[in-house]
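Residues per chain are reported as follows:
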Amino acid sequence: MATGETGFSDVVYDLISVQYHALKAGHDYGQYVRDAENAEKKEIAEFFRTVMEEDSRRAAQCHRFLKELSGTEDAGPAVT
């Protein structure tokens, strides 16, 4: 598995990137829910909650994959 300048495999780097962005977005969506609720747009608030839950599941799946790779040669020299 290729490793970039970071010492992590490309796959590990990609998983970390997706996890970061999912967690960051999930944090931001909390504000979107509040904005929709404040505007009395319940259907839109529910949509944002659904999106937030999807990103939470995505971040958790990345975490599981990272756990599997941690300490293996597939992770790259930075985590073996």
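**Q** In this structure, what is going on with the side chain of Gln 19? I would like to understand it.
**A** Structurally, Gln 19 can be placed in helix α1 (residues 10–38). Exposure remark for Gln 19: the relative accessible area of 16% places this residue in the buried category. Setting aside residues up to four positions removed in sequence, Gln 19 forms contacts with Ala 59, Cys 62, His 63 and Leu 66.

**Q** What's the story with the packing of α1 against helix α2 (residues 42–69) in this structure? I'm lost.
**A** Packing of α1 against α2 leaves a shortest axis separation of 8 Å and a crossing angle of 160°. As judged from the angle between their axes, α1 and α2 are roughly antiparallel. The handedness of the crossing between α1 and α2 comes out as left-handed. Taken together, the residues of the contact of α1 with α2 break down into 22 nonpolar, four polar and four charged.

**Q** Would you explain the nonpolar core in this entry?
**A** Within soluble globular proteins, side chains that are nonpolar generally end up buried alongside one another. If you look at the biggest cluster of nonpolar residues, it comprises five residues: Val 12, Leu 15, Cys 62, Leu 66 and Leu 69. Contributing elements (two or more residues each) for this core: α1 and α2. Tallying contributions element by element places α2 first for this core, with three residues.

**Q** Please clarify how the pattern of salt bridges should be interpreted in this entry.
**A** Two side chains that carry opposite charge are able to pair once their charged atoms sit near each other. Across all of its chains, the model carries four salt bridges by this definition. One salt bridge in this structure joins Asp 28 and Lys 24, with 3.0 Å as the shortest N-O distance. Of the two residues, Asp 28 and Lys 24 are both situated in helix α1; the distance of four residues between them amounts to about one turn of the helix. The class for Lys 24 is partly exposed, based on a relative accessible area of 38%. Arg 49 is the partner of Glu 37 in a salt bridge, and the nearest nitrogen-oxygen pair spans 2.0 Å. A residue pair is termed long-range when its members are at least 10 positions apart, and Glu 37 in helix α1 and Arg 49 in helix α2 qualify at twelve residues. Residue classification places Glu 37 among the partly exposed positions, given a relative accessible area of 38%. Overall, Arg 49 belongs to the partly exposed group, its relative accessible area being 26%. A network of salt bridges, in which partner residues are shared, links Glu 37, Glu 46 and Arg 49.

**Q** Could you clarify how one ought to interpret α1 in this entry?
**A** For the α-helix, the turn length of 3.6 residues means that residues three or four positions removed from each other point alike. Along its 29 residues, α1 runs 42 Å from first to last C-alpha, staying within 8% of the 42 Å computed at 1.5 Å per residue. Turning to α1, its buried residues number three or more, namely Val 12, Leu 15, Gln 19, Ala 22, Ala 25, Gly 26, Tyr 29, Gly 30, Val 33 and Ala 36. Looking at the buried residues of α1, the elements they touch are α2. Positive phi shows up at Glu 40, right after α1, with a value of about 60°.

Calculation rules
- Position numbers for residues start from 1 in each chain and track the written sequence from start to end.
- This being a predicted model, a pLDDT of at least 70 is required before a residue's local features are given, and a value of 80 or more before pairs of side-chain atoms are given or counted; all residues contribute to the totals for chains, interfaces and linings.
- Excluded from the side-chain calculation are hydrogens and water; included are all heavy atoms of the structure.
- Put simply, DSSP H or I for four residues or longer makes a helix, DSSP E for two residues or longer makes a strand, and each gets a number counted from the N terminus.
- Working definition: with a 1.4 Å probe on protein chains only, accessible area under 20% of the residue-type maximum means buried, over 50% means exposed, and in between means partly exposed.
- Contacts were defined at the residue level, with two residues in contact if any of their heavy atoms lie within 4.5 Å.
- Axis definition: a line fit to C-alpha positions, over the contact stretch in the case of helices; interaxial angles, taken between N-to-C directions, run 0 to 180 degrees.
- Note that the term roughly parallel is reserved for angles under 35 degrees, roughly antiparallel for angles over 145, roughly perpendicular for angles of 65 to 115, and oblique for everything else.
- Left-handed is the label given to a crossing in which the near helix is rotated counterclockwise from the far helix by less than a right angle, and right-handed is the label when the rotation is clockwise.
- Note that Gly is not counted as nonpolar here; it falls among the polar residues with everything else outside the nonpolar set of Ala, Val, Leu, Ile, Met, Phe, Trp, Tyr, Cys and Pro and the charged set of Asp, Glu, Lys and Arg.
- Within this scheme, the nonpolar core is defined by two criteria: the residues are buried Ala, Val, Leu, Ile, Met, Phe, Trp, Tyr or Cys, and they are joined through side-chain atoms within 4.5 Å.
- Put simply, a salt bridge is a Lys or Arg side-chain nitrogen that is within 4 Å of an Asp or Glu carboxyl oxygen.
- A helix is expected to span 1.5 Å for every residue after the first.

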